[in-house]
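These are the residues of each chain, in order.
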Amino acid sequence: MTLKIGVIGTGAIGQEHIARLHGKIAGSAVVAVNDINSDNARAVADRLCPGAAVHASGEELIRSPDVDAVLVTSWGPSHEEFVLASIAAGKPVFCEKPLATTAQACRRIVEAEIAGGRALVQVGFMRRYDAGYRMLKQVVASGGIGDPLMLHCAHRNPTVPAHYVGDMGITDTFIHEIDVLRWLVDDDYVSAQVIQGRRSRHAGEGLDDPYLVVLKTRGGVVIDTEIFVNCQFGYDIQCQIVGEDGTASLPEPATVPMRKGAFAGQPLMMDWKLRFIDSYDVELAEWVEATAAGRVTGPTAWDGYFAAVTSDACVEAKRTGQIVPITTMDRPDFYR
Ligand code: NAI
Ligand code: ISE
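Residues numbered from 1 in each chain as written. Chains lettered and ligands numbered in written order. Predicted model: local features only at pLDDT ≥ 70, side-chain atom pairs only at ≥ 80, totals over all residues. Heavy atoms only, no water.

Trainee: Would you take a moment to explain the site of ligand 2 for this structure?
Mentor: Every residue near ligand 2 is listed here: K97, H155, N157, Y164, D172, T173, H176, Y235 and W272. In the environment of ligand 2, an oxygen atom lies 2.9 Å from a nitrogen or oxygen atom belonging to the side chain of N157. Between ligand 2 and D172, the relevant distance is 2.6 Å, taken from an oxygen atom to a side-chain nitrogen or oxygen of the residue. When isolated, ligand 2 has an accessible area of 300 Å², and the protein chains bury 88% of it. Tallying contributions element by element places helix α7 (residues 168-185) first for the shell around ligand 2, with three residues. (Near = heavy atom within 4 Å. Polar contact = N/O pair within 3.5 Å; in protein donor to acceptor, adjacent residues only side chain to side chain. Areas by Shrake-Rupley, 256 points an atom, 1.4 Å probe, with all protein chains shown as cover. Helix = DSSP H or I, 4+ residues; strand = E, 2+ residues; numbered from the N terminus.)

Here you go:
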């Protein structure tokens, strides 16, 4: 059976996911698209999923009887509306990060999903599908380095576009660590602190860059992450776990070691799309398989909500310089 998918938002990642779901991944086809830029939606459909219907609105696409499941890849502020409409229509929905732009909006999604009585929502935290992170989790879960005590991480982008401003270092970038590190150590956060670094001359107007976020978990694990989105030299993701009996680190992606011109080393990737390309493939293949079986096996609406609460606390910690507590609603049984 083929899962018939409707995609809302045919921009950068929307196009990449359409290419995956229509041709690359078995058992799925993109049968409908929508974008506020309808010319773009039509051009993308013609190029990547010929014959797909181009709908006038996201709501119309969600209601279409031809659409079995929905993929939301529009801008963050529109996510809540489309995820809630999918839940109301009883359709499985994969929503790119963030689930919604505020914790309150994520909570409304959680409550709507529970009220509907069926697990339908998955959030696009693709790092949980990265082979390196999965190996690291296995080491931790097997007790290979004893209990984790501290994590030292970094999320470095070579540059960011002009529209990347304000607190996007947290809400758009660090949000990936917020989810994957919580999954890695299987623990929830209780507080956040942000320490500003000396500002890089490459940082655009209105952007603090770099800074350090320190999260503490319920179990007492301390996690520091450097966020540096104008580091110039590459897209560089680091994660080292210090355990009671040893350390374990996220493997570097495979690139060819070279010796040349009195230099020995390995090239770094410059583009985040390439660094996690395999994880997007696995993420969507597993989503299609689980959706066809009527299940959600990936990051849930609860994970999206938890990430949003944490992100809000980090933003407040950055503004105030204080250690900010992270408090959520009680985890509903629905997500246990
Ligand atoms: P983009 O700007 O390239 O594309 C977004 C598209 O959504 C645009 O074509 C825009 O016209 C459309 N759109 C916006 N509002 C809409 C609405 N109300 N109805 C229909 N279409 C609408 O942005 P990009 O980079 O593709 O990001 C999209 C989402 O994916 C964001 O939430 C972003 O955070 C997330 N993302 C996730 C990544 C990951 O690594 N998991 C990587 C990049 C983006
Ligand atoms: C972008 O939106 C992503 O999601 C990338 O994975 C991240 O590394 C980058 O910093 C974000 O801007």
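Continuing now.
Trainee: It is not clear to me how the packing of helix α6 (residues 131-141) against α7 should be interpreted in this structure. Could you clarify?
Mentor: The description of two packed helices rests on the angle between their axes and on the distance between the axes. Orientation of α6 relative to α7, taken along the N-to-C sense of each, is 30°, at an axis distance of 9 Å. Considering the angle they form, α6 stands roughly parallel to α7. For the pair formed by α6 and α7, the contact residues are Y133, R134, L136, K137 and V140 on the first element and V180, W183 and L184 on the second. Among the residues making up the contact of α6 with α7, the classes are represented as six nonpolar, no polar and two charged. (Axes fitted to C-alpha atoms, helices over the stretch in contact; angles between N-to-C directions. Parallel < 35°, antiparallel > 145°, perpendicular 65-115°, else oblique. Contact = heavy atoms within 4.5 Å. Nonpolar A, V, L, I, M, F, W, Y, C, P; charged D, E, K, R; others polar.)

Trainee: Whenever I open this one, the sheet that holds strand β2 (residues 28-34) confuses me. Can you help?
Mentor: In any sheet, the strands associate via hydrogen bonds between backbone groups, in a parallel or an antiparallel arrangement. Spatially, six strands are ordered β3-β2-β1-β4-β5-β6 in an open sheet, and the strand pairing comes out parallel. A single partner strand is all that each edge strand has here, and the edge strands are β3 (53-54) and β6 (121-124). Here strand β1 (residues 3-8) runs beside β2; their pairing, made up of six bridges, is parallel. Counted as the bridge partner of I5 is V30 from β2. Against the sheet, helix α1 (residues 12-24) makes contact with β1, β2, β4 (69-72) and β5 (93-96), and its axis sits at roughly 150° relative to β2, the strand it touches most. (Pairing = 2+ DSSP bridges.)

Trainee: What is the right way to read the pattern of salt bridges from this model?
Mentor: Side-chain pairs of opposite charge can arise whenever the charged atoms involved come near each other. Throughout the structure, instances matching the rule amount to 20 salt bridges. R20 serves as the salt-bridge partner of E16, at 3.9 Å between the closest nitrogen and oxygen. Taken together, the positions of E16 and R20, both in helix α1 and four residues apart, correspond to about one turn of that helix. Here R319 ties to D167 by a salt bridge, and the two come within 2.7 Å at their closest N and O atoms. (Salt bridge = Lys/Arg side-chain N within 4 Å of Asp/Glu carboxyl O.)

Trainee: Before we go on, may I ask you to explain the side chain of T10 in this structure?
Mentor: Among the structural elements, T10 can be located in the loop between β1 and α1. Relative accessible area serves as the criterion here: at 0%, T10 is assigned to the buried category. Not counting residues up to four positions away in its chain, the partners in contact with T10 are Q15, I18, V33, N34, D35, N40, A41 and V44. (Buried < 20%, exposed > 50% of the residue type's maximum accessible area, 1.4 Å probe, protein only.)

These values are about where atoms sit, not about what they do.
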